[in-house]
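Residue-level structural notes
Next come the chains, spelled out residue by residue.
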Amino acid sequence: MRILVLNGPNLNLLGLREPDLYGTVSYEALLKMIQNEADALGVEVRFFQSNHEGDLVDAVQDARFDCEGILLNPGAYTHTSIALLDALRAVGLPAAEVHLTDIAKREPFRRVSYAGMACQGHFIGHGTNGYLEGLRFLKETIEANSQ
């Protein structure tokens, strides 16, 4: 079982960008944390991060060839990208949305998640643990769908 872990704009600056909001864990440390959880679950993960919307859409589309699920934090594209929503719907893979902060308690423009409309799981405001929760959710979902 392979899961694409997809991160959008500015997540590569995790640990540097507004640490009071997003924490002090670096992006590299987050990837290691996810990899360790994936290893424990017996799941293969493929990581991709981009600051460019089209690259994220391409990654979603490409996932249909070699992944069984998508774990994504679209960053700011959460609130603007109908293209990501459409790509997620088009590929039809189980998907889980992660946000480090609780977007429902942030600025009004952050309260709508277009990408989330195509996700079966939502792990919002749990910090980096949301990624681990989302990974476990996807593993269970994929296994349940294959029975």
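A brief look at the structure comes next. (Residues numbered from 1 in each chain as written. Predicted model: local features only at pLDDT ≥ 70, side-chain atom pairs only at ≥ 80, totals over all residues. Heavy atoms only, no water.)

We now examine the layout of surface pockets. The computed volume of the largest pocket comes to approximately 190 Å³. A breakdown of the residues in the lining of the largest pocket according to their chemical character gives six nonpolar, six polar and three charged. (1 Å grid on protein atoms, 1.4 Å probe; cavity = no way out; pocket = protein on both sides within 12 Å on 5 of 7 lines; lining within 4 Å. Points joined across faces, edges and corners; volume = space filled by probe spheres on them. Nonpolar A, V, L, I, M, F, W, Y, C, P; charged D, E, K, R; others polar.)

Moving on, we come to the pairing of strand β4 (residues 95–99). Most of β4 sits out of view: five of its five residues are buried. What you see with β4 is no split at all: Ala-95, Glu-97 and His-99 on one side and Ala-96 and Val-98 on the other are buried throughout. Both strand β3 (residues 69–73) and β4 contribute to a ladder of three bridges, which runs parallel. Considered in β4, the bridge of Ile-70 is made with Ala-95. Looking at chain direction, β4 and strand β5 (residues 121–124) are connected through four bridges and run parallel. Considered in β5, the bridge of Val-98 is made with Phe-123. (Buried < 20%, exposed > 50% of the residue type's maximum accessible area, 1.4 Å probe, protein only. Helix = DSSP H or I, 4+ residues; strand = E, 2+ residues; numbered from the N terminus. Pairing = 2+ DSSP bridges.)

So, about helix α4 (residues 82–91). Of the residues making up α4, those classed as buried are Leu-84, Leu-85, Ala-87, Leu-88 and Val-91. Down the axis of α4, the buried side of the element spans an arc of 165 degrees, and every buried residue falls inside it. Across from the buried face of α4, at angles greater than 90 degrees, the exposed residues are Arg-89 and Ala-90. A positive phi of about 70 degrees marks Gly-92, the residue just after α4. (Arc of directions from axis to C-beta.)

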